[in-house]
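Structure assessment
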Amino acid sequence: MHQPPSLQIADPIRLSDIRKTGEVRFEAQIKAAELDALRELLELLKLSKVTFSGVFEAEPNGDVILTGKIGATVVQPCSVTLEPVTTRIDSKVDRRFVVVTTPEDAGGETELKEDDPEDLLPESFNLFDLLAEGLALEIPLYPRIDDAEMIVSAVTEPGKSPMTDEEAKPFAGLAELKDQLEKKGDGS
């Protein structure tokens, strides 16, 4: 088995090359400027040890499947304390890019399903964009350091009691109203 070609993350992988050979393997190389752009795009404090490798495979029906791996170490601000939180990401990438036929090609109408996890097949694949999408899906939405605790504060005008979480729920007063109506119905 031979080593996949080393490509710059900015090098496009053309659909015609995938179809010609049946598959294109890659191991993306990321320059410092591209790493900085990716860090900024994902709003990270730090981004390091980034890897992206895989294979694009042509299917007999014209679709293309991407199977690969993404790795990175990301540093984000803690959602509670704003202290740096480091997370290691090692994830698989499985994507299908489908050929969309027009009604003329299919001999009738063609529908695209909104909830379909497939992507439309482009003329070329941008590894930087695919890496950015893959990392965006994997980085924690609300990173927290291990001992971070939420600080709860209640503020209200003088002489009144602050609203509790229970009272803020949309149906919090319904149980009380139901009890009052039941008491009236009992003749109390």
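Here the residue numbering is sequential within each chain, running from 1 through the sequence in written order. Local features in a predicted model are, by the rule used here, given only for residues with pLDDT of at least 70; side-chain atom pairs are given and counted only at 80 or more, and totals for whole chains, interfaces and linings are based on all residues. Each side-chain value is derived from all of the structure's non-hydrogen atoms; neither hydrogens nor water enter the calculation.

Once that is clear, we can look at the packing of aromatic side chains. Classification of ring pairs rests on two measures: the distance between centres of Phe, Tyr or Trp rings, Trp counted by its six-membered ring, which must be within 6.5 Å, and the angle between planes, read as stacked under 30 degrees, edge-to-face over 60 and tilted in between. Counted under the stated rule, the structure contains four aromatic pairs. On the numbers, 5.1 Å between centres and 75° between planes, the contact of Phe-26 with Phe-52 is edge-to-face. On the criterion of sequence distance, the pair formed by Phe-26 in strand β3 (residues 23-29) and Phe-52 in strand β4 (residues 46-58) is long-range, its members being 26 residues apart. For the pair Phe-26 and Phe-52, a shared accessibility class is recorded, and that class is buried. Among the aromatic residues, those joined into a cluster by ring pairs are Phe-26, Phe-52, Phe-56, Phe-97 and Phe-125. Strands here mean DSSP runs of E at least two residues long; helices mean DSSP runs of H or I at least four residues long; both are numbered from the N terminus. Residue burial is assigned from relative accessible area. The probe radius is 1.4 Å, only protein chains are included, and a residue is buried under 20% of its type maximum, exposed over 50%, and partly exposed in between.

Taken over all residues, the pLDDT of the protein chain has a mean of 82, while the share at 70 or more is 78%. Here helix α3 (residues 103-106) stands out as the least confident element of the protein chain, with mean pLDDT 53; strand β5 (residues 64-77) is the most confident, with 96. Per residue, pLDDT measures the predictor's confidence, with a range of 0 to 100.

Bridge count between β5 and strand β6 (residues 84-98): 14 bridges; the pairing is antiparallel. Along β6, the bridge assignment pairs Val-75 with Thr-86. Taken together, β5 and the strand that follows it, β6, pair antiparallel across an intervening segment of six residues, in which Leu-82 is found at a positive phi of about 70°. Note: β6 against strand β7 (residues 119-120), two bridges, orientation parallel. The rule for pairing is simple: two strands pair if DSSP sees at least two bridges between them.

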